[in-house]
Amino acid sequence: QVRLVESGGGFVQAGGSLRVSCGPAVRTFVMGWFRQAPGKEREFVASIIWSTDTTNYASSVEGRFTITRDSAKNTVDLQMDSLKPEDTAVYYCASSSRTNGRDASLYDYWGQGTQVTVSS
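Attention here is on the structure that accompanies the text. Quick caveat: nothing in here was measured; it's all calculated off a predicted structure.

### Concerning the overall build of the chain
- Assigned secondary structure in the chain consists of zero helices and eleven strands.
- A globule of 120 residues ought to have a C-alpha radius of gyration of about 14 Å, and the chain, at 13 Å, matches this closely.
- Its C-alpha atoms put the chain at 40 × 30 × 25 Å along the principal axes.
- Taking all 120 residues of the chain together, 44% fall into the buried category.
- A total of about 6000 Å² of accessible surface is found on the chain, and carbon and sulfur atoms cover 46% of it.
- Looking at the chain, you have 12 positive and 12 negative side-chain charges, and the mean spots of the two groups are 2 Å apart.

Here it is as C-alpha cells:
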C-alpha cells in the first residue's frame, strides 16, 4: 500500500509564491497534483512522468506552476508562483500507473491534502 504525504502549503497574498511537496514518490509511476476548492469538483493541476520527466499542466496554471521531481529526496514538488485567489483549494498528491492526464479516476493512490489559501 502506498501512502502519499503532502507538506507545505499555507497562506499567501495574491501574487505570492508557495511550494508544496509530496513523498515518498512512486518512482515507477506518474505523480500528479490535483486541487479541490469548496463546493467544486476535484480538478487536475499538473503531472510528471518519473522516468522521462515529461510534464503536463492544466491550462489555468501553465506558466505559473512548475512540477518537478527530486530523486535525492524522493519527492515531487509543485512550485506555485503568481498565485491568484482562485488558486485557493486543498491540494492533493496522487500517483498513477495508467495516465499522466487529468482523469482523477485513473490515479491509484492519494495523499490527505494540504490547504493553500490565497488572499486578494
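Don't stop here, the text continues.
### Considering unusual backbone geometry
- The linkage connecting Gly23 with the following residue, Pro24, adopts the cis geometry, with an omega of -10°.
- With respect to the helices and strands, the residue Pro24 is situated in the loop between β3 (18-23) and β4 (30-36).
- At Asp53, a residue that is not glycine, the phi angle is positive and equals roughly 70°.
- Within the fold, Asp53 resides in the loop between β5 (43-49) and β6 (55-57).
- By relative accessible area, which is 42% here, Asp53 ends up partly exposed.
- Phi is positive for Asn74, which is not a glycine, with a value near 60°.
- Here Asn74 lies in the loop between β7 (65-70) and β8 (75-80).

### So, the state of the cysteines
- Counted according to the given criterion, the structure contains one disulfide.
- At a sulfur-sulfur separation of 1.9 Å, the disulfide partner of Cys22 is Cys93. Taking the sign of the S-S torsion, -75° for the link of Cys22 and Cys93, the bridge is left-handed. Taken together, the residues Cys22 in strand β3 and Cys93 in strand β9 (residues 89-96) connect sequence positions 71 residues apart.
- Exposure remark for Cys93: the relative accessible area of 0% places this residue in the buried category.

Definitions and limits used
Residues numbered from 1 in each chain as written. Predicted model: local features only at pLDDT ≥ 70, side-chain atom pairs only at ≥ 80, totals over all residues. Heavy atoms only, no water. Helix = DSSP H or I, 4+ residues; strand = E, 2+ residues; numbered from the N terminus. Rg over C-alpha atoms; globule rule 2.2 N^0.38 Å. Buried < 20%, exposed > 50% of the residue type's maximum accessible area, 1.4 Å probe, protein only. Areas by Shrake-Rupley, 256 points an atom, 1.4 Å probe, with all protein chains shown as cover. Lys, Arg positive; Asp, Glu negative; His and termini not counted. Charge placed at Lys NZ, Arg CZ, Asp CG, Glu CD. Disulfide = S-S within 2.5 Å.

Purely geometric stuff here, so don't read any function into it on its own.
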